[in-house]
Amino acid sequence: MEVPQNLLYAKTHEWVRFTDGGKAQVGLTDYAQDALGDIVYFNLPSVGSVVGAGDAVGEVESVKAVSEVFAAVSGTICAVNDALADAPELINASPYGTWVFEVENAVDGEDLLTPEQYAALCDEEEGAHA
């Protein structure tokens, strides 16, 4: 399982990359895409939606299940990755190279996990399912 050191992570298995100007890109982690299996559909959030950290903002459907996608930070959704509407499998191919949505005026990063904390969480969850 890959856990890049340059990102922060939510307990709900989203990654966050803060960019210039107070924006944050949010995507699904390698752990999440592996647990989901082949992703076949995304219900993307609406641009302009005001979200709070932890809010459900969309859904991802795989051959195994439908799961909610959560906002890892608070702010206003300013962009969605429209490529996922036609090619949701991009997440399986490159989970850290494919963002799902972007939030402007992003705040509430204090609940996010470091790469080390996130790796420990995943190990703990793996142990619980073994």
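The structure this text deals with has already been given above.
Described below are features of the structure shown in this document. Since we're looking at a predicted model, the values are computed, not measured. (Residues numbered from 1 in each chain as written. Predicted model: local features only at pLDDT ≥ 70, side-chain atom pairs only at ≥ 80, totals over all residues. Heavy atoms only, no water.)

Side note on the overall build of the protein
Phase 1: Summing up its helical and strand segments, the protein has 4 helices and 9 strands in all.
Phase 2: Helices (α) and strands (β) of the protein occur, in sequence order from the N terminus, as β-β-β-α-β-β-β-β-β-α-α-β-α.
Phase 3: A globule of 130 residues ought to have a C-alpha radius of gyration of about 14 Å, and the protein, at 14 Å, matches this closely.
Phase 4: Reported as C-alpha extents along the three principal axes, the dimensions of the protein are approximately 40 × 30 × 20 Å.
Phase 5: A separation threshold of at least 6 residues defines the contact pool for the protein, and within that pool the share at least 24 residues apart is 62%.
Phase 6: As displayed, the protein has an accessible area near 6,500 Å², and 47% of this comes from carbon and sulfur atoms. (Helix = DSSP H or I, 4+ residues; strand = E, 2+ residues; numbered from the N terminus. Rg over C-alpha atoms; globule rule 2.2 N^0.38 Å. Contact = heavy atoms within 4.5 Å. Areas by Shrake-Rupley, 256 points an atom, 1.4 Å probe, with all protein chains shown as cover.)

A closer look at the environment of A56
Phase 1: Here A56 is to be found in strand 6 (residues 56-62).
Phase 2: Sequence-distant contacts of A56, defined by excluding residues within four places in its chain, comprise E68, V69 and F70.

Some details on unusual backbone geometry
Phase 1: Even without a glycine there, the phi angle at H13 is positive, about 75 degrees.
Phase 2: The residue H13 is located in the loop between strand 1 (8-9) and strand 2 (14-19) in this model.
Phase 3: The exposure class of H13 is buried, given its relative accessible area of 11%.
Phase 4: One non-glycine residue, N105, lies in positive phi territory at about 55 degrees.
Phase 5: Looking at the element boundaries, N105 is found in strand 9 (residues 101-107). (Buried < 20%, exposed > 50% of the residue type's maximum accessible area, 1.4 Å probe, protein only.)

Description of the layout of surface pockets
Phase 1: Roughly 150 Å³ of volume is contained in the largest pocket.
Phase 2: Around the largest pocket, the lining residues are A10, K11, T12, A53, G54, F70, A71, A72, D108, D111 and L112.
Phase 3: For the lining of the largest pocket, the per-class residue count stands at 6 nonpolar, 2 polar and 3 charged. (1 Å grid on protein atoms, 1.4 Å probe; cavity = no way out; pocket = protein on both sides within 12 Å on 5 of 7 lines; lining within 4 Å. Points joined across faces, edges and corners; volume = space filled by probe spheres on them. Nonpolar A, V, L, I, M, F, W, Y, C, P; charged D, E, K, R; others polar.)

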